[in-house]
Amino acid sequence: MSAALPMSDPTSPDLPETTAADEPTRVPLRLEDWLTVVSMALLALITFANVLVRYFTDQSFAWTEEFSVFLLIVMTLVGASAAVARNRHIRIEFLADGGTPQRRHRLALLGALAMALLFFVIAVLSVRMVWDHYIYEEISPGLGLPQWWYSIWLPVLSLAIGLRAVGRFHRLRRAGVQA
Amino acid sequence: MIAALLFTIFIVAMLAGVPIAAALGLAGAAAIAIADQGTQWFGLLAVPQNFYAGLGKYPLLAIPMFVLVGSIFDRSGVASRLVRFALAIVGPGPGMLPLIAIAVAMFLGGISGSGPATAAAVGAVMIAAMKRAGYPDAYSASVVGAAAATDILIPPSVAFIVYSVLVPGASVPALFAAGMVPGILAGLALIVPAVWLARTHRMGAREGDVERPPFWASLREAAWGLAAPVLILGGMRMGWFTPTEAAVVAVFYGLFIGMVVHRTIRVRDLFDIFREAGETSAIILIVVSLAGIFAFSLSTLGVIDPVTNAIVNSGLGEWGVMALIVLLLIVAGMFLDGISIFLIFVPLLLPIAQHFSWDLVWFGVILTLMVALGQFTPPLAVNLMVSCRIARVPIEDTVRWIGWMLVAMLLVTVAVIAFPQLALWLPARLGY
């Protein structure tokens, strides 16, 4: 019997985060997923275009930096929002996922609450930051656009993350203590 | 007092399983509010400002791009072809498959920048092959998990990018060059216990049945993958592109290989690849930006100086303090992932390193070696989690094997501490 090595990788390695179905959410996660994919793809395309433009012309394409930074912020916030619903954020699972089902349930609720609290705080406080950008007519350093065009998305997307955490809290509550 | 509160909230929340991002952000916000009670809104406006500024940094763009490289090469079919090529070179024999697993993981380390992505790519090919050759699953999972840890040392590396963002004096190219020799040493050091264990326990009894692929045919098949690190590392070295641009070039090169040459990636897989890479990057970046709030509160509260002074004047001496740091990081690595370790400990350890005038690039390599160890130290070991999931064994089963590999990599760490030139020779040679 000869055991030849497989020629092609299995298309997706057996990882729970890709294979496990998402819990149903009232607002579909597709929303965040599309925004994540689009901003990630744009980031790659813009940076690649930068390399090409620099090599084939002698023009600099540096003004795109500001736009890339904005896309990076958007991608991080929408990706973080989906990760709240999927419970993928980095945490120490060692103690929290042991112990009685009762304790596990309580700690999971606490985690969701902490996430909701933090991002609601950030949402509220950042409204003030955006307001300052607006009334002082701050201008972005690269393109000279009004700064609030960019910063307005911080409270909006922070609110979204907070709401995802509330949604997770409710789903955990409804599911009750799981053995 | 406030500092004690900051750390208590933070540690209790973390141990209770609160996401580390939330623990960092809440502890930081609470400390700022208590310290600045007199001022408008308790000085809390610093929270969104630090959060926004912590995220809006162009150098951070390298992180999602290298994560994306990992996701793409993970599915590009490069790993299996490299394995065949390696098998064609060394030929089957006792302990040869684990050796190949380590060598291929090191090679993929020269393409992708994160350990778990490499563990997934190598594990998907090697664990099944090793099982057929008669290696126990827990052993295969240990070898793959440990081997993938060399990935964050061998450039490119997401860990070095994060360190460079935190430590302005250490540039990404210098860190990348400094990680090369220690990374290769770590891989070679892992081969010793892996092959020795395979031989003494007479594992892989059926390895003789494995066909030896023809050399030239498998070289031709593997050529696309073999060229990738040349393109990425060579392109950076020649000054063709910055690290971020090198990552993007690798993204398109990987997509070309996966979609056109090997045809393992279909158009509809792209959504999943980009989504997964985007979400993984978001998880890293959100911790990076919220750690900014934590670091800001540490600096405004002025806790770092007294702690630094206490440690520096503790009478342990330079090497006593270094030993203490290594011990601290081993313990932290058992519970925390690498990015969090950097974000929490670098602001605290940097003043100590500066006090002893340690080279910050060398220090970054040592910290990264410790993070690499942490990636396969149970109970929290990101690489082992991936490889054990593929092998379908519980992490506990690897304890019997993983200890030897931890010792091997720890010895490399000690060597790099004792002989800083192991890390610093290459960057000096290349003129960074």
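The model shown is predicted, which means the values in this text are computed figures rather than measured ones. (Residues numbered from 1 in each chain as written. Chains lettered and ligands numbered in written order. Predicted model: local features only at pLDDT ≥ 70, side-chain atom pairs only at ≥ 80, totals over all residues. Heavy atoms only, no water.)

(A) Fine view of the overall build of chain A. Within chain A, the secondary structure is distributed over seven helices and zero strands. When the 179 residues of chain A are sorted by exposure, 44% land in the buried category. For chain A, restricting intrachain contacts to residue pairs at least 6 apart in sequence, the fraction spanning at least 24 positions comes to 73%. If you sum the accessible surface of chain A, you get close to 9500 Å²; carbon and sulfur atoms cover 66% of it. (Helix = DSSP H or I, 4+ residues; strand = E, 2+ residues; numbered from the N terminus. Buried < 20%, exposed > 50% of the residue type's maximum accessible area, 1.4 Å probe, protein only. Contact = heavy atoms within 4.5 Å. Areas by Shrake-Rupley, 256 points an atom, 1.4 Å probe, with all protein chains shown as cover.)

(B) Broad picture of the overall build of chain B. Across its full length, chain B carries 20 helices and zero strands. If one aligns the C-alpha atoms of chain B with their principal axes, the spans along those axes are about 75 × 45 × 45 Å. The buried share among the 432 residues of chain B stands at 63%. Summarising the internal contacts of chain B: among those between residues at least 6 apart in sequence, 80% fall at separations of at least 24. Of the roughly 14900 Å² of accessible surface on chain B, 68% is carried by carbon and sulfur atoms.

(C) Highlighting helix α7 (residues 153-175) of chain A. Compared with an ideal rise of 1.5 Å per residue, which puts 23 residues at 33 Å, α7(A) spans 33 Å between its outermost C-alpha atoms and is within 8% of the ideal. Turning to α7(A), its buried residues are Leu154(A), Pro155(A), Leu157(A), Ser158(A), Ile161(A), Gly162(A), Arg164(A), Ala165(A), Arg168(A), Phe169(A), Arg171(A) and Leu172(A). On its buried face, α7(A) sits against α2 (30-56), α3 (64-85), α5 (101-135) and α6 (147-151) of chain A together with α3 (46-55) of chain B. (Expected span 1.5 Å × (residues − 1).)

(D) Just the interface of chain B and chain A, in detail. Between chain B and chain A, the contact holds 82 residues from the first and 70 residues from the second. Here chain B packs against chain A, burying approximately 7200 Å² in sum over the two surfaces, 74% of which is carbon and sulfur. Area buried by chain B at its contact with chain A is led by Tyr52(B), Tyr58(B) and Phe271(B), which between them contribute 10% of it. Taken together, chain B and chain A are joined by three salt bridges. (Buried area = accessible area lost by both parts, 1.4 Å probe. Salt bridge = Lys/Arg side-chain N within 4 Å of Asp/Glu carboxyl O.)

(E) Just the packing of helix α9 (residues 158-166) of chain B against helix α17 (residues 360-375) of chain B, in detail. Residues and elements named next belong to chain B. Packing of α9 against α17 brings their axes to within 10 Å, and their N-to-C directions diverge by 135°. As summarised for this structure, α9 and α17 are arranged oblique, according to the angle between their axes. Crossing of α9 over α17 shows right-handed handedness. Each of Ala159, Phe160 and Tyr163 in α9 lies in contact with α17, whose residues at this interface are Leu360, Phe363, Gly364, Val365, Leu367 and Thr368. (Axes fitted to C-alpha atoms, helices over the stretch in contact; angles between N-to-C directions. Parallel < 35°, antiparallel > 145°, perpendicular 65-115°, else oblique. Left-handed = near helix turned anticlockwise from the far one by under 90°.)

(F) Main features of a nonpolar patch on the surface. Residues and elements named next belong to chain A. Among the surface-exposed residues, Trp131, Tyr134, Ile135, Tyr136, Trp148, Trp149, Ile152, Trp153 and Val156 lie close enough to one another that they form a single nonpolar patch of about 950 Å² accessible area. Looking at the nonpolar patch, the elements with two or more residues in it are α5, α6 and α7. Of the residues forming the nonpolar patch, the biggest block, three residues, is contributed by α5. Along the chain, Trp148 turns up in helix α6. (Patch = residues over 30% accessible without salt bridge, like charges linked within 9 Å, V, L, I, M, F, W, Y side chains within 5 Å.)

(G) Layout of the nonpolar core. Residues and elements named next belong to chain B. In terms of nonpolar packing, the biggest core is built from 211 residues, with Tyr139, Tyr163, Trp358 and Phe376 touching the most fellow members. With 15 residues, helix α13 (residues 269-301) is the largest single contributor of residues to this core. Sequence-distant contacts of Tyr163, defined by excluding residues within four places in its chain, comprise Ala170, Leu175, Phe342, Val346, Leu360, Phe363, Gly364 and Leu367. (Core = buried A, V, L, I, M, F, W, Y, C linked by side-chain atoms within 4.5 Å.)

(H) Layout of the confidence of the model for chain B. When pLDDT is averaged along chain B, the result is 90; 100% of the residues meet or exceed 70. Across the interfaces of the predicted complex, the ipTM metric reaches 0.87, alongside a pTM of 0.89. (pLDDT = per-residue confidence, 0-100.)

(I) Layout of the side chain of Gln375(B). Residue and element names in this part refer to chain B. Checked against the element boundaries, Gln375 lands in helix α17. Residue class for Gln375 comes out buried when judged on its relative accessible area of 9%. For Gln375, the contacting residues outside a window of four places in its chain are Gly115, Pro116, Ala148, Ala149, Ile152, Ala381, Val382, Asn383 and Leu384.

(J) Broad picture of the pattern of salt bridges. Tallying each qualifying case throughout the model produces eleven salt bridges over all chains. With a shortest N-O distance of 3.2 Å, Arg75(B) and Glu276(B) are connected by a salt bridge. One end of the pair, Arg75(B), is in the loop between α4 (62-74) and α5 (78-90); the other, Glu276(B), is in helix α13, and 201 residues separate them in sequence. When its relative accessible area of 12% is taken as the criterion, Glu276(B) is described as buried. Through salt bridges with shared partners, one network takes in Asp33(A), Arg86(A), Arg88(A), Arg275(B) and Glu279(B).

(K) Quick peek at the packing of aromatic side chains. By the definition in use, this model includes 23 aromatic pairs over all chains. Measuring from centroid to centroid gives 6.5 Å for Phe67(A) and Phe70(A), while their planes differ by 35°, and the two rings are tilted. Linking Phe67(A) with Phe70(A), this pair stays in helix α3, spanning three residues, or about one helical turn. Phe70(A) sits in the buried class, given a relative accessible area of 17%. Relative to Phe51(B), the ring of Phe119(A) lies with its centre 6.2 Å away and its plane at 75°, an arrangement referred to as edge-to-face. Of this pair, Phe119(A) sits in helix α5 while Phe51(B) sits in helix α3, each in a different chain. The buried category is assigned to Phe51(B), whose relative accessible area is 0%. The structure contains a cluster of three or more aromatic residues connected by ring pairs, namely Phe356(B), Trp358(B), Trp362(B) and Phe363(B). (Phe/Tyr/Trp six-rings, centres within 6.5 Å; stacked < 30°, edge-to-face > 60°.)

(L) Main features of the packing of α9(B) against helix α16 (residues 338-355) of chain B. Residue and element names in this part refer to chain B. Remark: α9 packs on α16, axes separated minimally by 10 Å, with the N-to-C direction vectors making an angle of 35°. Between α9 and α16 lies a crossing of right-handed hand. Only Ile339, Phe342, Leu343, Val346 and Leu350 of α16 make contact with α9, whose side of the interface consists of Val158, Ala159, Val162, Tyr163 and Leu166. Within the contact of α9 with α16, the residues separate by chemical class into ten nonpolar, no polar and no charged. (Nonpolar A, V, L, I, M, F, W, Y, C, P; charged D, E, K, R; others polar.)

(M) Main features of the environment of Leu290(B). Its location among the elements puts Leu290(B) in helix α13. Distance from Leu290(B) to Arg199(B), taken between C-alpha atoms, is 48 Å for residues 91 residues apart in sequence.

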